[in-house]
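These are the residues of each chain, in order.
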Amino acid sequence: MATLLYRLGRTAFRWRWFVTLLWVAVLGAVGFAAAKAPAAPDDGFTMPGIESQRAFDLLEQRFPGTAADGASARIVFVAPNGEKVTATENRAAIEKLVTEAADGSQVASAVDPFAAQAVSKDASTAYSTVTFKVKADDLTGAAKTHLERAIDTARDAGLTVEVGGDALTTQPAAGGSAEAIGIAIAAVVLLITFGSLAAAGLPLLTAILGVGISMSAVLALGSAFGLSETTGTLATMLGLACGIDYALFVVSRYREEREKGHTPREAAGLAAGTAGSAVVFAGLTVVIALAGLSVVGIPMLTKMGLAAAGAVLLSVLISLTLVPAVLGFWPNAVLSRRDRKNKAHRGKDKANGENGGSRWARLVVRRPIPVLLLGVVGLGAMALPALNLQLGMPGDEAKSTATTERRAYDDLAQGFGPGFNGPLTIVVDAKKADDAKSAVATISKEIAATDGVVSVSPARFNSAGDTAVFSATPATSPTDEKTKQLVQTIRDERAGIESGTSGASFEVTGTTALNIDVAQKVQDALIPYLALVVGLAIVLLLLVFRSLLVPLKAALGFLLSVLAALGAVVAVFQQGHGASLLGVDQTGPIMSLMPIFLVGIVFGLAMDYEVFLVSRMREAYVHGDGPGQAIVSGFRHSARVVVAAALIMMAVFSGFIGAGASMIKMIGFGLAIAVLFDAFVVRMAIVPAVLSLLGNKAWYLPRWLDRILPRMDVEGEALSRKVPAPTADTPTAHLTPVP
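Figured I'd write up the structure that's included with this text. (Residues numbered from 1 in each chain as written. Predicted model: local features only at pLDDT ≥ 70, side-chain atom pairs only at ≥ 80, totals over all residues. Heavy atoms only, no water.)

## Re the overall build of the protein
Now for step 1: Across its full length, the protein carries 25 helices and eleven strands.
Now for step 2: The buried share among the 739 residues of the protein stands at 55%.
Now for step 3: Sequence separation of 24 or more characterises 80% of the internal contacts of the protein that already satisfy a separation of 6 or more. (Helix = DSSP H or I, 4+ residues; strand = E, 2+ residues; numbered from the N terminus. Buried < 20%, exposed > 50% of the residue type's maximum accessible area, 1.4 Å probe, protein only. Contact = heavy atoms within 4.5 Å.)

## Digging into the pattern of salt bridges
Now for step 1: Inspection of the entire model under this criterion finds 20 salt bridges.
Now for step 2: Here aspartate 152 ties to arginine 155 by a salt bridge, and the two come within 3.7 Å at their closest N and O atoms. Placement of both aspartate 152 and arginine 155 in helix H5 (residues 141-156) is noted, with a separation of three residues, approximately one turn of the helix.
Now for step 3: One salt-bridge network, in which partners are shared between bridges, spans Arg253, Glu256, Glu257, Lys260, Arg616 and Glu619. (Salt bridge = Lys/Arg side-chain N within 4 Å of Asp/Glu carboxyl O.)

## Topic: helix H16 (residues 436-448)
Now for step 1: Given a rise of 1.5 Å per residue, 13 residues ought to cover 18 Å, and the 18 Å separating the end C-alpha atoms of H16 matches this to within 8%.
Now for step 2: Taken together, the buried positions of H16 are occupied by Ala436, Ala439, Val440, Ile443, Ser444 and Ile447. Angular distribution of buried residues about the axis of H16 spans 130 degrees; they occupy a single face of the element. Exposed residues lying more than 90 degrees from the buried face of H16 are Lys437 and Lys445.
Now for step 3: Structurally, the start of H16 carries an N-cap: the backbone nitrogen of lysine 437 is 3.3 Å from a side-chain oxygen of aspartate 435. (Expected span 1.5 Å × (residues − 1). Arc of directions from axis to C-beta. Polar contact = N/O pair within 3.5 Å; in protein donor to acceptor, adjacent residues only side chain to side chain.)

## Regarding the packing of helix H4 (residues 88-102) against H5
Now for step 1: In the contact formed by H4 and H5, the axes pass within 9 Å of each other and the chain directions differ by 170 degrees. For the element pair H4 / H5, the angle class is roughly antiparallel. Contacts between H4 and H5 pair Ala93, Lys96, Leu97, Glu100 and Ala101 from the former with His146, Leu147, Ala150, Ile151, Thr153 and Ala154 from the latter.
Now for step 2: Here the residues of the contact of H4 with H5 sort into seven nonpolar, two polar and two charged. (Axes fitted to C-alpha atoms, helices over the stretch in contact; angles between N-to-C directions. Parallel < 35°, antiparallel > 145°, perpendicular 65-115°, else oblique. Nonpolar A, V, L, I, M, F, W, Y, C, P; charged D, E, K, R; others polar.)

## Section: the packing of aromatic side chains
Now for step 1: Overall, the coordinates contain ten aromatic pairs when judged by the stated rule.
Now for step 2: Considering the side-chain rings of phenylalanine 558 and phenylalanine 603, the 4.6 Å spacing of their centres and the 85 degrees angle between planes classify their relative orientation as edge-to-face. Within this pair, whereas phenylalanine 558 is found in helix H20 (residues 549-574), its partner phenylalanine 603 is found in helix H21 (residues 594-622), the two being separated by 45 residues in sequence.
Now for step 3: The class of phenylalanine 603 is buried, set by a relative accessible area of 1%.
Now for step 4: Here the aromatic residues Trp17, Phe329 and Trp330 are joined through ring pairs into a cluster of three or more.
Now for step 5: Sitting over the ring of phenylalanine 114, arginine 91 keeps its end group 4.3 Å from the ring centre. (Phe/Tyr/Trp six-rings, centres within 6.5 Å; stacked < 30°, edge-to-face > 60°. Lys NZ or Arg CZ within 6 Å of the ring centre and 35° of its normal.)

## Digging into the sheet that holds strand E4 (residues 160-165)
Now for step 1: Taken together, four strands build an open sheet; the order of strands is E2-E3-E1-E4 and the sheet is antiparallel. Here the strands that pair on one side only, and so sit at the sheet edges, are strand E2 (107-110) and E4. Averaged over neighbouring strand pairs, the angle between their axes works out to 20 degrees when direction is ignored.
Now for step 2: Direction of pairing for strand E1 (residues 72-78) relative to strand E3 (residues 125-132): antiparallel, over a ladder of seven bridges. Looking at the pairing, arginine 74 lines up with threonine 129 of E3.
Now for step 3: Taken strand by strand, H5 contacts E1, E3 and E4, and its axis lies near 150 degrees from that of E4. (Pairing = 2+ DSSP bridges.)

## What to know about the pairing of strand E6 (residues 424-429)
Now for step 1: Within E6, five of the six residues are buried, leaving the element largely enclosed by the surrounding structure.
Now for step 2: In the sheet, E6 pairs with strand E9 (residues 467-474) via six bridges, with the strands oriented antiparallel. When the bridges of E9 are listed, aspartate 429 appears paired with threonine 467.
Now for step 3: Across five bridges, the pairing between E6 and strand E10 (residues 505-509) is antiparallel. Pairing of isoleucine 426 across the sheet is with valine 508, part of E10.

## With respect to the side chain of arginine 16
Now for step 1: Counting through the fold element by element, arginine 16 comes out in helix H2 (residues 16-36).
Now for step 2: Polar side-chain contacts of arginine 16 include one of 2.7 Å to the backbone oxygen of phenylalanine 13.

## Quick notes on helix H13 (residues 356-366)
Now for step 1: Within H13, burial applies to Gly357, Ser358, Ala361 and Val364. For H13, the angular spread of the buried residues around the axis is 120 degrees, confining them to a single face. Exposed and facing more than 90 degrees away from the buried side of H13 are Arg359 and Arg366.

## Focus on the environment of glycine 232
Now for step 1: Along the chain, the position of glycine 232 falls in helix H8 (residues 229-259).
Now for step 2: On the basis of relative accessible area, glycine 232 is assigned to the buried category, the value being 2%.
Now for step 3: In this structure, the C-alpha to C-alpha distance between glycine 232 and alanine 308, residues 76 residues apart in sequence, is 7.9 Å.
Now for step 4: Residue contacts for glycine 232: discarding those within four places in its chain leaves Met215 and Val218.

## Considering the nonpolar core
Now for step 1: Counting 159 residues, the largest nonpolar core has Leu238, Tyr246, Leu290, Phe558, Phe597 and Phe653 as the members making the most contacts within it.
Now for step 2: With 25 residues, the next largest nonpolar core counts Ala73, Leu97, Phe132 and Leu139 among its residues. (Core = buried A, V, L, I, M, F, W, Y, C linked by side-chain atoms within 4.5 Å.)

## Quick word on unusual backbone geometry
Leave glycine aside and you will find that most residues have negative phi; peptide bonds, for their part, are mostly trans.
Now for step 1: Located in the positive-phi region is alanine 123, a residue other than glycine, with phi close to 60 degrees.
Now for step 2: By relative accessible area, alanine 123 is classed as buried at 9%.
Now for step 3: Positive phi, normally seen in glycine, also occurs at arginine 546, with a value near 50 degrees.
Now for step 4: Structurally, the position occupied by arginine 546 is in the loop between helix H19 (511-545) and H20.
Now for step 5: Arginine 546 sits in the buried class, given a relative accessible area of 6%.

Printed below as a string of structure tokens:
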């Protein structure tokens, strides 16, 4: 591996014009394809294999012309100054709005609240549901304007009118200026780390080019594969973070090899062969974690994972080819100012000297038990809130009170009870029933009598008269645990209810039931997914480190950091500790997909730091250092760069905390805090403490397994024999002109 990448680095350095122009051509071609590609369709959320999805599919089949997930607007009316909505003037204004709304070009139905008994007991509040034939993204501007004018007319009559649903909702920006913020902070970190504008700019330049290619590819393939804006956001997030980090490690190793006296071309080859080997395996662990998201069985999650995995692979390729090529144009510019001025400088003394990383490592090696206990106990304490984890999909209740959706939610809860914000949709298939209307009436009556159901709406039949749909309103809010229990109760009693209908069957769906089903499916998939990803990564790390205990220690450290990160997410977004500092308007359940996102992405990133840090320890150990000294040597060479890489990743992820979308905000915070825990607590403290306690046993591998495993030579042992470091008698090549 090291020899192959060494040759690749030298070749890219030599043929720098060709390599650079090739990547620019790729960017141009993919960008042109993206510009010409049709817009990607809405990637409506689907979840094969769950009851809610089956019911949605049945609705689309039996009610042609009206999408089961068509846009809707729930218009809430509140009478002014203690009046009643049933008062003559107020009623006339409401009925006028319903009539005007029903005339919309894309409207399927507009319900009169007085005919549908959608008026609160005290007559202070009423609501009307306007259903559209198409999804929210397919609504025309004229259709929205028509409804908005009708609403304004009712407001002019003195009513308080708020609108929930997705028809008039303005989608928040996915990331805003997140990328710019992350890049700016990354530039500062790189400049401090390298002390050179060129060295700081090179990782940024190559990473931005990689993100440009990956995002253009997402846009170009969006229509064919249904890749959404959210898909591109995750690819951007990881492509930018990994792209900067991987280039950072190659440039750092190049500077180190130049300090030893190697020529620029040799240094580029050695950087690709050593740091590049670590980049390859680190990238593979990230790809495994992201591609493994496909086992969950959620199409949207699969697309996001595969697109992000492609972005990471692209980052690996760029760091191995384009970075050495660009170094060929300005081989001395990336060196520090002191190194450029001191032509006779030899980095060997510097490499063997003390720095912050080696001093920290010596402290940990001397006091491994206190450091280990402090790290484990601290992360364990941070993980405690995760015991109260509640999964769901935050809705209008999580929005700011400045939005009409949140005010509509609050008005409904006050006027009708919290369950009105999350009604259950009951779909009855009476095709095989002897008397469809009688069967539907029986099912409706039995569900209405279920504890926890406050009311059911009149059933609506399709044109064939063999399928009906009605709503059941729970007594509790959509995110309440009692609502989840109610859904389970209705489903458990299904067999008894259906037995009295002579062949009819029903299923429970709706947004509330869908969120419950999604949360359950994700929980069921989490353990198999974790086992698959961790198992494959352990095998990969076994090849890298040729040790039994190091991969196991890496996996256990990851579990600590991801649980602590999940605990922090629960503490902020569910329990509300410090929520206002992050712009979180309302606490609530944690997004159902968040745990599996956190596990997948953070595992890949955690293994990045493991490979970069421990591979230098392994390199020192293979080259003759004792166990303790190998830890110190590894930290001397890589601690500063790992810290810089972690800070850059945190900066990139933290930028997304400012996103308007709660999903992106939560992911950004979770990933940023996970990197903080994993890089600075697990990898920089717990890992050296454990390796110090294990001593030589840390690198033990049974002979029979040693014979079976292929030798990857990540530490570059073959290169050290092939390209020995220049000695004091070797003519200096520190600032040798490029051939």
